[in-house]
Structures are given as structure tokens and as C-alpha cells.
Amino acid sequence: MKALKKLLLPLFVCGLFTSCASTSHYEKIDASLAAGDYAAGLEQVRAAKDAAYQKKDKVLYYLDEGMLAHYAKDYGDSTKSLGTAERAIEDAYTKSISAAVSSYLVNDTTLEYPGEDYEDIYLNAFNALNYFYFQKGATEDALVEIRRVDNKLKFLSTKYGTEITKAQSAVMEKSNDIPYDSEATRIGFTNSALARYMAMLFYRGEGKSDDARIDRNEIKLAFANQPAMYGFPLPSSIADELEVPDGMARLNVVSFSGLSPVKTENTVRIPLGNMHWLKIALPVITQRPSAVARTEVTIDSGEKFNLELIEDLGAVATETFKQKAALIYFKSVMRSLVKTSSSMVLDDQSNKANDANTALLLGVLSIGTQIYAEASEQADLRLSRYFPSKAYVGGINIAPGKCSYTVRYYDASGRQIQQARFENVEIRANQLNLSEAICIK
Amino acid sequence: MKNRISFILCSLCAIALFAGCASSPVKVERVEANTQTDLSGYWNDTDLRIVSEGLIKDCLGSERVVQFAQTNGRLPVVIVGVFANGSDEHIDTTILTKKLETAILNSGKADFVASKTERSAVRDERNDQQGNASEKTAAALANETGADFIMTGSVKTIVDKAGNVSTRTYFVTAELTSIETNKKIWMGDNSEIKKVIKTSSSKL
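Residues numbered from 1 in each chain as written. Chains lettered and ligands numbered in written order. Predicted model: local features only at pLDDT ≥ 70, side-chain atom pairs only at ≥ 80, totals over all residues. Heavy atoms only, no water.

**Thoughts on the sheet that holds strand 10 (residues 416-427) of chain A**
Remark on secondary structure: sheet strands pair via backbone hydrogen bonds, oriented parallel or antiparallel.
Residue and element names in this part refer to chain A.
Phase 1 of the analysis: The strand order across the open sheet formed by four strands is 6-5-9-10, and the pairing between neighbours is antiparallel. Edge strands, defined here as strands with exactly one partner in the open sheet, are strand 6 (304-306) and strand 10. Taken pair by pair, the neighbouring strands of this sheet meet at an average axis angle of 20°, ignoring direction.
Phase 2 of the analysis: Bridging between strand 9 (residues 401-410) and strand 10 involves nine bridges; their strand directions are antiparallel. Bridge pairing in strand 10 links V407 to A420. (Pairing = 2+ DSSP bridges. Helix = DSSP H or I, 4+ residues; strand = E, 2+ residues; numbered from the N terminus. Axes fitted to C-alpha atoms, helices over the stretch in contact; angles between N-to-C directions.)

So this is what it looks like as C-alpha cells:
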């Protein structure tokens, strides 16, 4: 029996900490991206696949790989990876019963990573661009991806409704002392200006002016109706997007900069008296700062225009995480209550025991259970790392023909921090001429 | 007690050791082509079969298609145009158009000419023959058959979702339009495909 204990105890301790996935590979990839070497970043994530990503992190890996492949202009592979991530997100809806039980006994890192809502939405937006570039300007498949964004946004507002109510009721039955933020269960993201902008361009490229106009209007509605995520001016170039003079062509440039937010842990300890406490470890969306303050496009013929912010992906990540955060909060409270209650029951039994040895044993078990609660209660900090934080757009009407231009990125002090050069791009009338620049700084 | 635990542990180890020793990790079972196999809820071969059979029957039964041959003393000539994918899935609509083309051609009620994407290869071959094939066997230039009608269509979806239940409805339309007059000789639609997809929230 002692031998069995010796075997099981280390296994149990290992089980507690195996969920801590390696994150050291991110530093190398981040450095490659900051240097503008996206192909190196892609190679690095592929090299780290087996060591840094567990089987339950499939969604995480394919999102990272898909985004890095997009930045590296490997659009075919990016489409495959983001498509795999999307299917894995669908599959992760069905949760393993054993993993679900573990998540109630240990923490949420034992579960398969199901992807965050904003990841599920934007993977389609980037796949739309992938299809457009990979199919050399064809827009049919790109528009399929935009429709998928639309369907997901429609579903988002009702996705967690009943789950949150159930979780709330369960917690309230256990304790009335747990604070509850009713605002946290309301989600305010129902329309993506970036997705609408892409749809407008794709429809305009197909000559479907009515559809393009509808999406142009939806961009305006996205800004007007969602001030929490669009607290900046509507890009002025939107007004000109559908006004291309006869014989002229329109050049559009979309730019992605910065890196998407990460999750950090916020730990709350609620004292319950007699050396017992409730530990709640919650993931919190934390933005990563971007050095990019201004992006300018200069055409070799002399014309210049600034790209304007159309989507703050970080703000969308924060907003769309609110509902899930409410669920995580309720679940963490329930789990922590169970763990701490066990410790308190053992403590109580220890105090009531007549026999000194029994009292000692129950006392030690009570302390052990509280230590286990403290050690095992960890926030699930998994989140893909390589979506951008901001999307900027702009456009200009120019004469059709070959055109060379430069996209320059400036920091807040006006210093140029990066540039992307486009040489002899064929700009055609009556079709979509879209270029993309990246600055992950 | 000790013996019993040892026995259970040994049994579990043995099961774990031999569980992976199956003769082949892949199991293949051949089924009839018309077997309904719904795995993901997305567009599949069964949907294609139902939709194409419906549209073909509709088109071949059209009075106007039959009347064209009677009035003109020849079969109508059709070219396949754009069959747009307006759905939220990456559907290869060329499979659907090929099935329609095959069925209508084999019915003997219409002739087809090469589509826009196909004819450039045919023209290349014809041009190549002018310099390389014998005079007797080389295909003549400027002798292509012009189409009377163009076949176009679209696939669209309506998706609704709440909780773990979603519905997917497919609307497939096809039409034959006169290239000379823009008159539509036939229009068919199929909205028979409606699926309710329930996703289990738990698995073993």
C-alpha cells in the first residue's frame, strides 16, 4: 500500500503541473516578427510544434501557424492552417467528460483549448484575404469566409445566454457572498467594420455595387452602434470607396500592426476564517502595446495618404471575452468552494475527534486540501499570439497602369520604424487592387 | 488487498500495451454511392445528388426546352456559364454543373458547347493542328458552334443557430437564358436540403 502511495503521489503532483505548457518559443518568434522576418517566425513555430503545443492545444497551434503563414505570404498554407483551427474549434464544442471532470477538480487548463470567440471570427477575415491573394484576385471564396464571419457574429449574442444563467443560479445556491457583475454577461459586438470593409471591396471588385453599398453602410453602423469598440473616427476614405471616376482605378491598402492581447492571471483570495480562504484565479485580457502611431502610403508619383484605423482587434477581444469570463468566474467560484469546503469539513471533523491521532490525521488532511486548492487553482491563460492588434485601411483613385509605392510606419515621436515596398504593381480599372502591409511592432 | 490491486494494475497495463496492436489503424468500408452519409452537416455528395436530380428532372421536363427543338428543327445549344457560390461554405459548383451538363446532354434534348474555361484549350489545340496536322484531318478555323442559351445558377445558404442546434438550408437555382434575346427559357430551383444539426456537448 505504501509503495502504491509512493507511485500515485508523484503522478498526482505531475498531473497538477503538466498543464503548464512551454511558452519560451514565443520569445524567438516575437523577435523574428519585430525584425520583419515572418518566414523565420513561421519556421520557428513549426519547429516548436511538438515540444510547445500539447494535443489539447491543437486550436492554438493552427491559429499561430496560420497567422504566421499569412504574414509570410504563404497564403495556401495559411488557409489550410486557419481552416484546421476552425474545424478544431467546432470539434472542441464537444467536451471530453473526463477532461470536464478534471477541470472541475483541478483547473480549466486540463480541457482542450476551444479558441476564443474573437479568434473564431477573425480567422475567417484573414482566410478571406488568403483566398483573395492565393486565387489571384478571385473573390468568390473570399466572400464565403466573410459570410462565415457574419453567421458567427449573429450567433455570438445568444451563444452563452442560458449557460451563464445556469452557472449563476448554481453559484447563488452555494453562497450569497459572491459578487456578480450583470454587465459582464452582455456582449456588444455584433458587427465587424473590418469584415464589412473587405466585403465592400470584394463586391465592388465583382461589380456588385448594391451589395458593396450595403456593406459600406454597415461599416458606418458598426461605428455608430458599438462605441465601446469603435471609439475613434470613421475612416474618411470610406466615403470615396464607391466613387471611382470612369477610366480611373482605385488602389486600396490594408495594414495590420501590433500584436493581439494576451491573458494574464488575476488572483482573488476571499478569507473564510479559521485559516481557510477561497482562491479564485481568473484570466484577464491584457493588451500588448504597439509602437505604430501612424501609417503612410507614398506613391512614387508623389501622392500620399494616411491609413486610418478601422478595427481595434484588441478591443474586440476584450469585449467578446466578457461573456466567457463570466462563465469562467462562476465555474472557478464553484470549484474553489468545493475544494475549500472539503478542507473546512476535514478541519471541523478534526476539532470534533476524540482520538488525538485521528484529530492530527484529519488536521493534516485539511491543511493538505487547502494547499491543493491553492496550488491547483490556476487561470487558463491560453490564447493565440499572432493576430494583429489593429487594422488600418486607405485608398486612392489613380490612373490604371503599373504603380510603385511604399508603406511607412512611424512611432509616436515621428520616427520611421518600418517600411514595406511594392514595386510595379499592375493597377487595373474596374477591379479590386488590394495590397497588404504588416508591421508587428 | 495488495494482490487485488496488483492484479488490477497489471490488467490495466496489459490492456494499454495491446490496445494499439490492431492489425490496421485504418478501416475502410465500401458503400453504395447513393448511401446517405452525413458527418459534419455541411454540403456533401447526398445533397449534390438530391439537388442535381431535382434540377435535371425539372429542366428535361420543361415544355419550352422541347418547343425550341420543334420550332427550330434542331436541338438548342447550351453553354455553361457562372454557377456562383453564394453560400457560407467552399462548395465546388463545377461538380453540380457537370452533373447537369452530363444528364441534359445524354438525354438528347440539348447540345452543349465548351465553356469559357474549356474552350481556350480546344482553340490552342485547333491552332496547333493548323501547323502540325495533315490538311485533311486538321480542324477548320472559324467554325465553332455558337450557343443559343447560357446556363447559370447559384448556391446560397441560410444558417440559424442557437445553443448546440443549428439549421442549414440550401437554395440552389439554375436557369437557361437566351444569349440573343436575354429571355429565360427555363428556371429551376431546389430548396429541399434543410438540415438540423445537433452538436453533442460531451464525449467520452
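**Some details on the nonpolar core**
Phase 1 of the analysis: Membership of the largest hydrophobic core comes to 114 residues, with the highest contact counts inside it found for A:Y122, A:F202, A:I310, A:Y386 and A:V407.
Phase 2 of the analysis: Among the elements that line this core, the one with the most residues is helix 13 (residues 313-352) of chain A, at twelve residues.
Phase 3 of the analysis: With sequence-adjacent residues up to four places away left out, A:Y386 is seen in contact with A:Y26, A:I29, A:D30, A:L33, A:D64, A:M67, A:L68, A:Y71, A:L259 and A:S260.
Phase 4 of the analysis: Membership of the second largest hydrophobic core comes to 28 residues, among which are B:I56, B:V155, B:V172 and B:I185. (Core = buried A, V, L, I, M, F, W, Y, C linked by side-chain atoms within 4.5 Å. Buried < 20%, exposed > 50% of the residue type's maximum accessible area, 1.4 Å probe, protein only. Contact = heavy atoms within 4.5 Å.)

**Side note on the sheet that holds strand 11 (residues 433-439) of chain A**
Residue and element names in this part refer to chain A.
Phase 1 of the analysis: Taken in spatial order, the four strands of this open sheet run 7-8-2-11, and their pairing is mixed. Lying at the two open borders of the sheet, with one neighbouring strand each, are strand 7 (308-312) and strand 11. Strand-to-strand, the axes of this sheet are offset by a mean angle of 25°, without reference to chain direction.
Phase 2 of the analysis: Pairing between strand 2 (residues 249-257) and strand 8 (residues 390-398): nine bridges, direction antiparallel. Paired with R250 across the two strands is N397, which belongs to strand 8.

**Section: the environment of B:T167**
Residues and elements named next belong to chain B.
Phase 1 of the analysis: On the secondary structure map, T167 appears in strand 4 (residues 165-178).
Phase 2 of the analysis: A C-alpha to C-alpha distance of 54 Å links T167 and Q129, two positions 38 residues apart in sequence.
Phase 3 of the analysis: Non-local contacts of T167, meaning those with residues more than four positions away in its chain, are made with I158, V159, D160, K195 and V196.

**A word on the pairing of strand 4 (residues 276-286) of chain A**
All names here are of chain A.
Phase 1 of the analysis: Most of strand 4 sits inside the fold, with eight of its eleven residues counted as buried.
Phase 2 of the analysis: Here strand 3 (residues 262-273) runs beside strand 4; their pairing, made up of eleven bridges, is antiparallel. Opposite E265, over in strand 4, you have P283 as the bridge partner.
Phase 3 of the analysis: Between strand 3 and strand 4, which pair antiparallel and follow one another directly, the connecting turn spans two residues, one of which, N274, has a positive phi of 55°.

**Brief notes about the confidence of the model for chain A**
Low-pLDDT stretches of the model should not have their predicted coordinates read in fine detail.
Phase 1 of the analysis: Looking at chain A as a whole, its pLDDT mean stands at 89, while 90% of the residues score no less than 70.
Phase 2 of the analysis: Confidence drops under pLDDT 50 across residues 1-15 of chain A; counting only partners more than four residues distant or on other chains, this segment forms five contacts. (pLDDT = per-residue confidence, 0-100.)

**Let's talk about the side chain of A:S336**
Phase 1 of the analysis: Position of A:S336 among the secondary structure elements: in helix 13.
Phase 2 of the analysis: Leaving out residues up to four positions away in the same chain, A:S336 has contacts with A:L278, A:K279 and A:E377.

**Remarks on the pairing of strand 7 of chain A**
Residue and element names in this part refer to chain A.
Phase 1 of the analysis: The buried fraction of strand 7 is high, at four of five residues.
Phase 2 of the analysis: Relative to strand 8, strand 7 is paired through four bridges, and the arrangement is antiparallel. Note on strand 8: the bridge partner recorded for E311 is A391.

**As for a nonpolar patch on the surface**
Phase 1 of the analysis: On the surface, A:I97, A:V101, A:L105 and B:L204 cluster together into a nonpolar patch covering about 440 Å² of accessible area.
Phase 2 of the analysis: As for its placement among the helices and strands, B:L204 is situated in the segment after strand 7 (202-203).
Phase 3 of the analysis: Classification of B:L204 as exposed rests on a relative accessible area of 91%. (Patch = residues over 30% accessible without salt bridge, like charges linked within 9 Å, V, L, I, M, F, W, Y side chains within 5 Å. Areas by Shrake-Rupley, 256 points an atom, 1.4 Å probe, with all protein chains shown as cover. Salt bridge = Lys/Arg side-chain N within 4 Å of Asp/Glu carboxyl O.)

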